[in-house]
Amino acid sequence: MLLSVLSILSLAYAAQAAEVCYGDLGCFTNIAPFWGLNRPLSSLPDPPDVVGTKFYLYTRANPTMALRERLVADSIATLSASHFSSSKPTRMVIHGFTGSAEHAWVQTIVDELLLKEDINVITVDWADGASIGGSYGQATANSRVVGAEVAKIVNYMSAQTGANARNFHLIGHSLGCHVAGYAGDILGNVGRITALDASEPYFDGMDAIVKLDPTDALFVDVIHSDGSPFIGTLGMGTSLPTGHVDFYPNGGEYQPGCHDNFVSSVVSTGFGLLTEGYDGAEAAAACSHLRAIDYFTESINSECPFTAYPCESYDKFKDGFCMSCAGNTCSQMGYRARDHYGARGKLYLTTTDGTQPGGKFCAYHYKVQVTSSTRMEETAGRIYVTFQGPSGITDTMEVTDGDVMDLKPGVTYQKLVSSPSNIGDVSRVGLRFERSSSIWDFFAAQYYTVGKVTITAGETQTSFKFCGSDTPVNNGETLQLTQVGGTC
Ligand SMILES: [Ca+2]
């Protein structure tokens, strides 16, 4: 049945199949693999002069938008008059659908990159080809032309200056990730592609040649921040593993502090338009989709490492089962991902919602384990823990399940806890017990008896053990543990 529907669609589509050729950028067709069930309407790309791709160079000598220098492929005059240095690494920033290199986030990434390193930064502007006036499908097609133009200018700069594609790092957002993929596919030896929430619609389920994949650069790192399904929840990013290493902050579907379901998007987009213009509207409509940019930008000069851990699932990660980096399997999300080249696969981490002072998203991860005394009387309730070190104190967090209230002797309750500050060596733990008030737990013991508490810092892979010495904790009371180590 499916096959016959496909063949009818194929026949109907064959009538519209076409090809366009744009000189040295090559020819582009709208047939398979660029057409298929996941891309039922495949457009041909607009001509390069309609897509209007422009390249702007920033260096420490010309770091502002007013001083940026336009580079044009085949124009030796612009290249030799520019501050481009072939001996330095080059990073390119590529926006997505409805984007522009004039958007504030692009300039912020440029600023952070130049603060970090004395390099070439090139912004790729294809605002006309990615315009909301066109369709998403047309922008999808146009991204192929932009990819070819990126490859062309990299080849031109290499030929003229001896620059090497291996020293190029393409940083794309949304459709810009696939632009980077096309460029990398043509060039064959791009050093790195960082994909910031690569777009899902028209790409998931398509051939590797159609979308970003690990063969497009020597190293491809991907941040998934809006990976909930497009159909139903309007998640714009893909949740599928797309690179050598794929980061899933907060599970990769929704980001904390974002309210991007359809209804709230419509309301907040209108509010954003009224109050902050286009950037505000985009931020409100695509909060989780844009958060990948925020994480990457922060990671460039952040002291906080954005450590990410391999795990089977986000649920297991949240329960504290995946805090081990044994075998160098962890990485750092964002700018420093390349420093942990050996890490592969799906990595998880949590972030804050960015509302604490300083507006930072990076968080430190701790596994908290509370083990009941083996001599404890059974009881029912919840256990909460807070802990501190020389440089911070955490909020009070529940380590029990929340639903299951039974507390049994010798059992360990554990959770992943994240803190916006680095606590340092943990020196004190506060453990509070709240007894169940349910009538069904009437005969349960009035107190909880703690055997030990272990805090493991994910970032340093260090554990701190506190013996509870079978101390009972009454309902509503907090027990302070200050003695690290011991036998228990
Ligand atoms: Ca590809």
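Here the structure is a predicted model, which means the values were calculated and not measured.

(A) A look at the sheet that holds strand E22 (residues 462-474). Strand order in the open sheet formed by four strands is E19-E14-E21-E22, with antiparallel pairing between adjacent strands. Two strands close off the open sheet at either side, each with one partner strand: strand E19 (412-419) and E22. Between one strand axis and the next, the sheet turns through 20 degrees on average, direction left out of account. By the bridge criterion, eight bridges tie strand E14 (residues 364-372) to E19 in an arrangement that is antiparallel. Each bridged residue has a counterpart across the sheet, and for Val368 the counterpart in E19 is Lys415.

(B) Inspection of unusual backbone geometry at higher detail. A cis amide bond links Ala32 with the next residue in sequence, Pro33, at an omega value of 10 degrees. Topologically, Pro33 is positioned in the loop between strand E2 (27-29) and helix H2 (48-51). The backbone of Ser174 shows a phi angle near 60 degrees, a positive value even though the residue is not glycine. Even without glycine at this site, Asn328 takes up a positive phi of about 55 degrees.

(C) Geometry of the domain arrangement of the protein chain. What the domain assignment lists for the protein chain is domain 1 (24-349) and domain 2 (365-481). Placing a centre on the C-alpha atoms of domain 1 and another on those of domain 2 gives a separation of 42 Å. Taken together, the 10 residues of domain 1 in the interface contact nine residues of domain 2. Sorting the residues of the side of domain 1 that touches domain 2 by element identifies strand E11 (307-310) and helix H10 (314-318) as the ones contributing at least two each. In terms of residue class, the side of domain 1 that touches domain 2 is built from six nonpolar, two polar and two charged.

(D) Inspection of the environment of Val190 at higher detail. Structurally, Val190 is set in the loop between helix H6 (175-187) and strand E8 (192-196). With 28 C-beta atoms counted inside 10 Å, the residue Val190 sits in the buried group. Between the C-alpha atoms of Val190 and Tyr335, which are 145 residues apart in sequence, the distance is 16 Å. In this view, Val190 contacts Ala165, Phe168, Leu170, Ala183, Gly184, Ala217 and Leu218; residues no more than four positions away in its chain are not counted.

(E) Quick peek at the UniProt feature "binding site: Ca(2+)" (unreviewed entry) in the protein chain. UniProt marks Asp213 and Asp216 with the feature "binding site: Ca(2+)" (unreviewed entry), using the numbering shown here. As for its position among the elements, Asp213 is in the loop between E8 and strand E9 (219-223). Tracing the backbone through its elements, the reader meets Asp216 in the loop between E8 and E9. Using a count of 28 C-beta atoms within 10 Å as the deciding quantity, one classes Asp216 as buried. Non-local contacts of Asp216, meaning those with residues more than four positions away in its chain, are made with Gly181, Gly184, Asp185 and Ile193.

Analysis parameters
- Along each chain, numbering runs from 1 in the same order as the chain's sequence is written.
- pLDDT decides what is reported in this predicted model: residues at 70 or higher carry local features, side-chain atom pairs at 80 or more are listed and counted, and totals for whole chains, interfaces and linings draw on all residues regardless.
- Any two strands with at least two DSSP-identified bridges between them are counted as paired.
- Put simply, DSSP H or I for four residues or longer makes a helix, DSSP E for two residues or longer makes a strand, and each gets a number counted from the N terminus.
- Helix axes use the C-alpha atoms of the stretch in contact, all axes being lines fitted to C-alpha atoms, and the angles between their N-to-C directions lie in the range 0 to 180 degrees.
- The domain limits used here are those given by an automatic or database domain assignment.
- Residues are defined as contacting one another if the C-beta atoms placed from their backbone atoms lie within 7 Å.
- Polar here means any residue outside two lists: the nonpolar Ala, Val, Leu, Ile, Met, Phe, Trp, Tyr, Cys and Pro, and the charged Asp, Glu, Lys and Arg; Gly therefore counts as polar.
- Residues with at least 20 neighbouring C-beta atoms inside 10 Å of their own are called buried, those with 12 or fewer are called exposed, and the rest are partly exposed, where every C-beta is derived from the backbone.
- UniProt positions are given in the numbering used here, feature names are shortened, and annotations may be inferred rather than shown by experiment.

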